[in-house]
Amino acid sequence: MYTLRPTSFFRPSSRSTSPVPATRQEVPVTAERAPRPLSKLSLSNFRRASPSPATGLAASTVVQDGSFMEVLGLKLSEAVSKALAQPSGPAAPGELLGGRRPIPAGRGRTLGALIVSEVKASRENPHLYRAVIRTLQRPLSVLLTNISTNLIPLLSSPAFHTPAAPTPHEPQPNATQLHAVALATLAGELLESFDEIGLGVDVDTRGENMKGIRDGLVSIVKRVVEPLINGMRGELMPLIDALETVPPPPANHGVPAKTSAAAKTPAVHPSITTLQTLIPIYSRALSRYVASAYAENALASFLISLVWRGLVALSHRPVPQPSPPASPSMNSTALKPKDPKKPSTTPPATPPASRFTLKLPPSRPPTPPSPGLRGPTVSADARALFNLLQQLPRPSQDKQQTRLAREAVDEAFDGLSSLIALLESIQLHTTPARPSSAPTGSPRAGPLASLEADLELLTADLPIVISLPILLRAFLPGEARGVPALLGLGAAEYRAGCLGGFGRAEECGIAVGERVRDVLRADGAQEGAEGLLRWLERELLAARAERGSGADGQGAQQKQGMH
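Residues numbered from 1 in each chain as written. Predicted model: local features only at pLDDT ≥ 70, side-chain atom pairs only at ≥ 80, totals over all residues. Heavy atoms only, no water.

**Describing the overall build of the protein**
Here's step 1: The helix and strand tally for the protein stands at 22 helices and zero strands.
Here's step 2: Sorting the 563 residues of the protein into buried and exposed places 36% on the buried side.
Here's step 3: Pairs at least 24 apart in sequence give 79% of the contacts found in the protein among residues at least 6 apart.
Here's step 4: Counting every atom, the protein has about 33,500 Å² of accessible surface; 58% of that belongs to carbon and sulfur. (Helix = DSSP H or I, 4+ residues; strand = E, 2+ residues; numbered from the N terminus. Buried < 20%, exposed > 50% of the residue type's maximum accessible area, 1.4 Å probe, protein only. Contact = heavy atoms within 4.5 Å. Areas by Shrake-Rupley, 256 points an atom, 1.4 Å probe, with all protein chains shown as cover.)

Take a look at the structure:
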């Protein structure tokens, strides 16, 4: 039994010399598995290891994530709160309203700069851009609601409309007006930032529409600025309309005119005197009201209306009737009648200068009265009005939004400048003539001929309905009928139909010119009528050519749009 025990009988004889242990040590399998942890076999780690090659996309995934939009929304909400927060520091006198100060200027530009930077940074990624636009809606809607809530009590307060315009006694806006203007300035500055990135211009049907917010901000600017400007318009329009009337000449109180500097200075129309007081005050107020591009459109309309009313008033002022030649220079004591019952005991007084003037030969024309005694001239009033309106601010020429408005304002002022040149040229070439003084072929034909040579240049920037009444009085001083009478219309009807503005004047210019031409030709030849008719024919040809070219341009644009 002992011989059957498992001894080396069952082992191979070459066991001790086998190189197996040496080969197991050379196999690198154990060395590879030794540092690998057992947790690598778990299911969760298996799923986590799958996106490991995309570690470079982790940053962009976080940017498009909800966490980034949440941070952006908080940043915008904080910026909106800062824009509406009360400013620190002491308040200026007259600006506190309910213990609150108006929002200072520049807050809208600060908020707009943040919005512009975020929108521009996301333009390259369409999905991120739409997400940013959707994030903007909530804080901007809150801003629009808060501005409207603060603005409603200000606009409904009687203090906002009292006074309607600044006065010499109250040149500064009151606290209610200052707070309303501050809110409008904030909205206008934000709108300028919207224009920089084209935000809210077009309607988007995908839920990213910012046009509603944009329209709300535009409405806020209009509701504040337009009533304030209309208050100034209501004060200035009657003064400008009064320039159409001929003021009475200043009284000399029996003192003969002297050749001094004061006597040579022409008198000023009473309306011009009042405007010289109001225009500087209104200029400072407008600079404060119009603080953004969206308020400058109302400013442009205001300036154009003032210039147009000035053109209408000055062009329709009638020629003043000449005064008797001897009455201004005679002394009041010389006009007293003598009492035949009382004998004269004193030597006769020195004869007045008018006695010697009457003894001059008839070939020498009488000396015209002094400008100071003649009263204000229409050309002097036109130049004074032009210089006063030049003091008012104009729309900016550098901004794209107001470039068209600035061009319209400049064209209106060019028309007023042309009117000044026309009136001064007429005053230079002609003299006040009496209707029955000179026959045909009189010496006035020379000045009228030289005036006619310059008319095409002088009236280039003026509508026909503005130039026609001035030239009608210059060429036909004996014509008692005005333009409305020649047309067969009443004065009020003619003004309402043809003198409503620059656009209406251009539309009616050809019809008015043709009717006046036909009436003058039917009445027969008059002194100066031929020169007026020649000018009128040239103006009608130019107006028809301009209208035809404009119609051809519009037709070409319509054809291109159809194709």
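Text resumes after the structure shown.
**Here we look at the packing of helix H8 (residues 175-197) against helix H9 (residues 211-241)**
Here's step 1: It is at 9 Å that the axes of H8 and H9 come closest, and there the two elements cross at 140°. The angle between H8 and H9 places the two elements in the oblique class. The handedness of the crossing between H8 and H9 is left-handed. Where H8 abuts H9, its residues Gln177, Ala180, Val181, Leu183, Ala184, Ala187, Gly188, Leu190, Leu191, Phe194 and Asp195 lie against Ile213, Arg214, Leu217, Val218, Ile220, Val221, Val224 and Leu228.
Here's step 2: Of the residues assigned to the contact of H8 with H9, the class counts are 15 nonpolar, two polar and two charged. (Axes fitted to C-alpha atoms, helices over the stretch in contact; angles between N-to-C directions. Parallel < 35°, antiparallel > 145°, perpendicular 65-115°, else oblique. Left-handed = near helix turned anticlockwise from the far one by under 90°. Nonpolar A, V, L, I, M, F, W, Y, C, P; charged D, E, K, R; others polar.)

**Here's the deal with the nonpolar core**
Here's step 1: Ranked by internal contacts, the top residues of the largest apolar core, which has 130 residues, are Ile115, Phe302 and Val512.
Here's step 2: Aside from chain neighbours lying at most four places away, what touches Phe302 is Ile229, Met232, Arg233, Leu236, Leu286 and Leu392. (Core = buried A, V, L, I, M, F, W, Y, C linked by side-chain atoms within 4.5 Å.)

**Points about the packing of aromatic side chains**
Here's step 1: Per the stated rule, a full pass over the model turns up two aromatic pairs.
Here's step 2: Measuring from centroid to centroid gives 4.8 Å for Trp308 and Phe502, while their planes differ by 55°, and the two rings are tilted. With Trp308 in helix H12 (residues 293-315) and Phe502 in helix H21 (residues 502-523), this pair connects stretches of sequence that are 194 residues apart.
Here's step 3: By relative accessible area, which is 4% here, Trp308 ends up buried.
Here's step 4: Owing to a relative accessible area of 22%, Phe502 belongs among the partly exposed residues under this scheme.
Here's step 5: Considering the side-chain rings of Phe386 and Phe413, the 6.1 Å spacing of their centres and the 70° angle between planes classify their relative orientation as edge-to-face. With Phe386 in helix H15 (residues 378-389) and Phe413 in helix H16 (residues 403-429), the pair connects residues that are 27 residues apart, well separated along the chain.
Here's step 6: Overall, the relative accessible area of 15% leaves Phe386 in the buried class. (Phe/Tyr/Trp six-rings, centres within 6.5 Å; stacked < 30°, edge-to-face > 60°.)

**Overview of the pattern of salt bridges**
Here's step 1: Tallied over the full model, the rule gives 21 salt bridges.
Here's step 2: The salt bridge partner of Arg394 is Asp410, with a shortest N-O separation of 2.8 Å. Of the two residues, Arg394 is situated in the loop between H15 and H16 and Asp410 in helix H16; the sequence distance between them amounts to 16 residues.
Here's step 3: With relative accessibility at 23%, the residue Arg394 sits in the partly exposed group.
Here's step 4: A relative accessible area of 21% means that Asp410 is categorised as partly exposed.
Here's step 5: Connected through shared salt-bridge partners, Arg517, Asp518, Arg521 and Glu537 make up one network. (Salt bridge = Lys/Arg side-chain N within 4 Å of Asp/Glu carboxyl O.)

**Considering helix H7 (residues 126-156)**
Here's step 1: If you check H7, its first and last C-alpha atoms are 44 Å apart, about what 31 residues at 1.5 Å a residue would give, namely 45 Å.
Here's step 2: The largest bend in H7 comes to about 25°, at Gln137, with the proline Pro139 one to four residues further on.
Here's step 3: A side-chain oxygen of the first residue of H7 lies 3.2 Å from the backbone nitrogen of His127; this N-cap is Asn125. (Expected span 1.5 Å × (residues − 1). Bend = angle between axes of the 7 residues up to and from the residue. Polar contact = N/O pair within 3.5 Å; in protein donor to acceptor, adjacent residues only side chain to side chain.)

**Some points on the environment of Glu235**
Here's step 1: Turning to its location among the elements, Glu235 is positioned in helix H9.
Here's step 2: Assessed through its relative accessible area of 42%, Glu235 is described here as partly exposed.
Here's step 3: C-alpha of Glu235 to C-alpha of Leu278: the two residues are 43 residues apart in sequence and 9.2 Å apart in space.

**Thoughts on the side chain of Arg517**
Here's step 1: Within the secondary structure layout, Arg517 lies in helix H21.
Here's step 2: Setting aside chain neighbours within four positions, we find Arg517 in contact with Leu533, Leu536, Glu537, Leu540 and Arg544.

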